[in-house]
Amino acid sequence: MTVTEEARSALEAAGLTRFNDFMGYAGGTHICHKRGRSTVRLQIGERAFFLKRNRFHWVEFLKGISRLRLPVRGALREWRNIAKVRAVGVPTVMAVAFGERPLLGIETCSFSMTEELYDCLPLDQVLNTGFSGALSREQRQRKRGFIRQLGELARRLHENGLYHQDFYLSHFFLGPDDVLHLIDLQRVLSNPLRAGHFRIKDLAQLNYAAGRVSCLSRTDRLRFLSAYFGHSHLTVPERKLVKAVLAKTARIARHDIKLLARRRRRGELP
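Quantities reported herein were computed from a predicted structural model and do not represent experimental measurements. (Residues numbered from 1 in each chain as written. Predicted model: local features only at pLDDT ≥ 70, side-chain atom pairs only at ≥ 80, totals over all residues. Heavy atoms only, no water.)

A. Looking closely at the packing of helix H5 (residues 123–130) against helix H6 (residues 137–159). As a packed pair, H5 and H6 sit with axes 12 Å apart at the nearest point and diverge in direction by 160 degrees. Between H5 and H6, the crossing angle belongs to the class labelled roughly antiparallel. As for the relative orientation of H5 and H6, their crossing is left-handed in sense. Contacts from Leu123, Val126, Leu127 and Gly130 of H5 reach H6 at Gln139, Lys143, Phe146 and Leu150. For the contact of H5 with H6, the class distribution of residues is five nonpolar, two polar and one charged. (Axes fitted to C-alpha atoms, helices over the stretch in contact; angles between N-to-C directions. Helix = DSSP H or I, 4+ residues; strand = E, 2+ residues; numbered from the N terminus. Parallel < 35°, antiparallel > 145°, perpendicular 65-115°, else oblique. Left-handed = near helix turned anticlockwise from the far one by under 90°. Contact = heavy atoms within 4.5 Å. Nonpolar A, V, L, I, M, F, W, Y, C, P; charged D, E, K, R; others polar.)

B. Fine view of the sheet that holds strand E5 (residues 94–103). The strand order across the open sheet built from six strands is E1-E5-E6-E4-E3-E2, with neighbouring strands paired in antiparallel fashion. The outermost strands of the open sheet, each flanked by one partner alone, are strand E1 (2–3) and strand E2 (29–34). As paired strands, E5 and strand E6 (residues 106–115) are joined by nine bridges and run antiparallel to one another. By the bridge assignment for E6, Leu103 is matched with Ile106. (Pairing = 2+ DSSP bridges.)

C. Molecular detail of the sheet that holds strand E7 (residues 121–122). On the basis of which strands lie adjacent, the open sheet formed by three strands has the order E7-E9-E10 and antiparallel pairing. Lying at the two open borders of the sheet, with one neighbouring strand each, are E7 and strand E10 (180–182). The pairing of E7 with strand E9 (residues 172–174) spans two bridges and is classified as antiparallel. Residue Leu121 lies in a different strand from E9, and its bridge partner there is Leu174. H6 contacts E9 and E10 of the sheet and is inclined by roughly 35 degrees relative to E10.

Nothing here speaks to function; it is all geometry.
Right, here's the structure in full:
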């Protein structure tokens, strides 16, 4: 288990000093619950934290084995991924604690804790609520700034061999200074063997999310590509990449319908 010195006193004041304290914490506000995973928000004085807990689940374990994947050590992986993403210059959350209890290299239970991004909102929420209808000149310029940041952040990640795997607008949080922060880094891959596949997946997820925001147009997508590639005139390989992204976007849309139905059957969604 590791706790940063900067957060130690605050966590101790809340009675969080041992591994079991974090895993058994019963307070806070429930944020989400999935098979083997849960997240709660804790308010400690004037500070707020998110506590993610992972527990061994046979279904997830067997699903990974069936796909020839080793079980993921979630807390340790997220702790390292936050450091990697910060190192390449992408703003993200501040990790304050993590712990795990492995057995023969397999994670039986673990937790990770990050501090809240204060006064920040998900980018899709910002765009859907503050950029509807006819936009003023200032709004158009501001939206273009978001798109430019998205393209530059995506390029920075991919150029450094990092792939998010949940690259949706809801995982970009906008701060009061209009700086975007990337969150939910548990699944980030570093230099995978099929880098091209994961690059397409990231871009398709972002494109799919953009399709659910009414103020983002085809021209906005072209602006994103210009920021991502660093130029406006696409080469032949870049055009092929865009075609692959569009095809993957359509597959994500079909999969999303099936996934929502499964989660409702499991009681994860109303």
